[in-house]
Amino acid sequence: MKNIYGVLLLLYITLAYSQKNPFIPPITQTLVRDIGGEVDLDCSTKHFLEFNVLWFKVTTDEIDTSILLSSGSTLIVKDPRVSLITEIKQDSSRFIIHINDIQEDDASIYRCDLIIGFNAEISYYTELLVRRPPFIYDNSTKSLVVEEGQSVQLACFAGGYPTPRIFWRKPNNAILTIGNILKIPAIQKEDRGTYYCIAENGVGKGTRRRISIEVEFPPVVTVLQTRVGQAVNYDVYLECHVESNPPPALIWMFNGVQLSNNKHYLISDFATADDKIDSRLQIIKIKNYLYGDYICQAANNLETAEITITVFETVLPQCPPVC
């Protein structure tokens, strides 16, 4: 009789055990790793008995598109970096996808499926995030040529993980602003030059993009003296300074006539910077009929500017430049 009770008890325990529903204990939802590192995607099951366990890599752009990695104890995917580790026990098992030498495209959502019947499954998801140094997308601003007074907007877009912090600066200057966009409401010629978009996220040394802004502006003509005196038969030197972008066409005029190098005049132009030119007119041994108003004129595609220098006669030679 005792043996019968023992057999019945064993049958009861076996029946109760067999009625336990299979399930997957909670899986770590997010894993963060570095490029070149390794990771274990662990799927543990309880009471799964003959039920199959599948691992999938789910493409991030379309959740329903999946790549089968493993089925039960069989590794399906052909990748030498990927292996399958299984620990099969009576009431619990583990199915571990091990990824070695992690690459950027390993970042994805992974799904563990426990197949419990026809079109019936239990699924859990985990996401693998791969730390990556920041990089700047090609659709960011490169270089600009604008006219003075225009509104300018520089854009910089960066990727990487964690999400990079973006800020702007000029060479050897403090931070101008933080964020993807740098706005200059009405740009001036003083704003021209090099700007840097810098992206940092704590992985690696960060990155930056050099953006050059060229500002076009009409000529600005200045002189040190608007009246210059000299005695007859002595040389006269007139100078005007021009700032312009694009570079201007420079001429000297007297009595409505454009001057050129001859026995009376010698014209010399010197570029002192990319957008600055000094022009010198030498009047050789000035005669009485060469006194009057001389015009230094500069023109580019935006505008024409000029300034007048009056040359008058003196009794004594002026020093400098002559003595």
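Undergrad: What exactly am I supposed to notice about the overall build of the protein here?
TA: Secondary structure assignment for the protein yields one helix and 25 strands. In the protein, which comprises 323 residues, the proportion classed as buried is 37%. The contacts in the protein between residues at least 6 apart in sequence include a share of 61% that link residues at least 24 apart. Looking at the protein as shown, the accessible area adds up to about 18,700 Å², and 53% of this sits on carbon and sulfur atoms.

Undergrad: Mind showing me how you'd approach the sheet that holds strand β6 (residues 82-88) here?
TA: Strand pairing in a sheet takes place through backbone hydrogen bonds and is either antiparallel or parallel in direction. Spatial ordering of the open sheet is given by β2-β7-β6, a layout of three strands whose pairing is antiparallel. The sheet terminates laterally at β2 (39-46) and β6, the two strands that pair on one side only. Neighbour-to-neighbour, the strand axes of the sheet open up by a mean angle of 15°, direction not taken into account. Examined bridge by bridge, β2 and strand β7 (residues 92-99) share eight bridges and lie antiparallel to one another.

Undergrad: I would appreciate a short explanation of the side chain of K170 in the present structure.
TA: Within the fold, K170 resides in the loop between β13 (165-169) and β14 (175-178). The charged side chain of K170 is buried without a salt bridge, its nearest counter-charge being D191 at 5.9 Å. Residue contacts for K170: discarding those within four places in its chain leaves L176, E190, D191, R192, T194 and Y195.

Undergrad: What is the right way to look at the state of the cysteines in this model?
TA: Disulfides are covalent bonds that connect the sulfur atoms of two cysteines. Counted by the stated rule, this structure contains three disulfides. Here C43 engages in a disulfide with C112; their sulfurs sit 1.8 Å apart. Here the disulfide of C43 and C112 is left-handed, its torsion about the S-S bond being about -65°. Separated by 69 residues along the polypeptide, C43 in strand β2 and C112 in strand β8 (residues 108-117) bring together distant segments of the chain. Accessibility assignment for this pair places C43 and C112 in one class, buried. For C156, the disulfide goes to C197, at an S-S distance of 1.8 Å. On the sign convention where negative is left-handed, the bridge of C156 and C197, at about -65° about the S-S bond, is left-handed. With a gap of 41 residues between them, C156 in the loop between β11 (152-155) and β12 (158-161) and C197 in strand β16 (residues 193-200) connect regions that are remote in the sequence. Overall, the relative accessible area of 0% leaves C156 in the buried class.

Undergrad: What is the right way to read unusual backbone geometry from this model?
TA: Trans is the common state for peptide bonds, and a negative phi is the common state for residues other than glycine. Between Y161 and P162 the backbone carries a cis peptide bond, its omega angle lying at 0°. Topologically, P162 is positioned in the loop between β12 and β13. One non-glycine residue, N233, lies in the positive phi region at around 70°. In this fold, N233 is placed in the loop between β18 (227-230) and β19 (236-245). Even without glycine at this site, N255 takes up a positive phi of about 55°. Examined against the element boundaries, N255 turns out to sit in the loop between β20 (249-254) and β21 (257-258). Since its relative accessible area comes to 65%, N255 is described here as exposed.

Scoring rules and cut-offs
- Residues numbered from 1 in each chain as written.
- Predicted model: local features only at pLDDT ≥ 70, side-chain atom pairs only at ≥ 80, totals over all residues.
- Heavy atoms only, no water.
- Helix = DSSP H or I, 4+ residues; strand = E, 2+ residues; numbered from the N terminus.
- Buried < 20%, exposed > 50% of the residue type's maximum accessible area, 1.4 Å probe, protein only.
- Contact = heavy atoms within 4.5 Å.
- Areas by Shrake-Rupley, 256 points an atom, 1.4 Å probe, with all protein chains shown as cover.
- Pairing = 2+ DSSP bridges.
- Axes fitted to C-alpha atoms, helices over the stretch in contact; angles between N-to-C directions.
- Lys, Arg positive; Asp, Glu negative; His and termini not counted.
- Salt bridge = Lys/Arg side-chain N within 4 Å of Asp/Glu carboxyl O.
- Disulfide = S-S within 2.5 Å.

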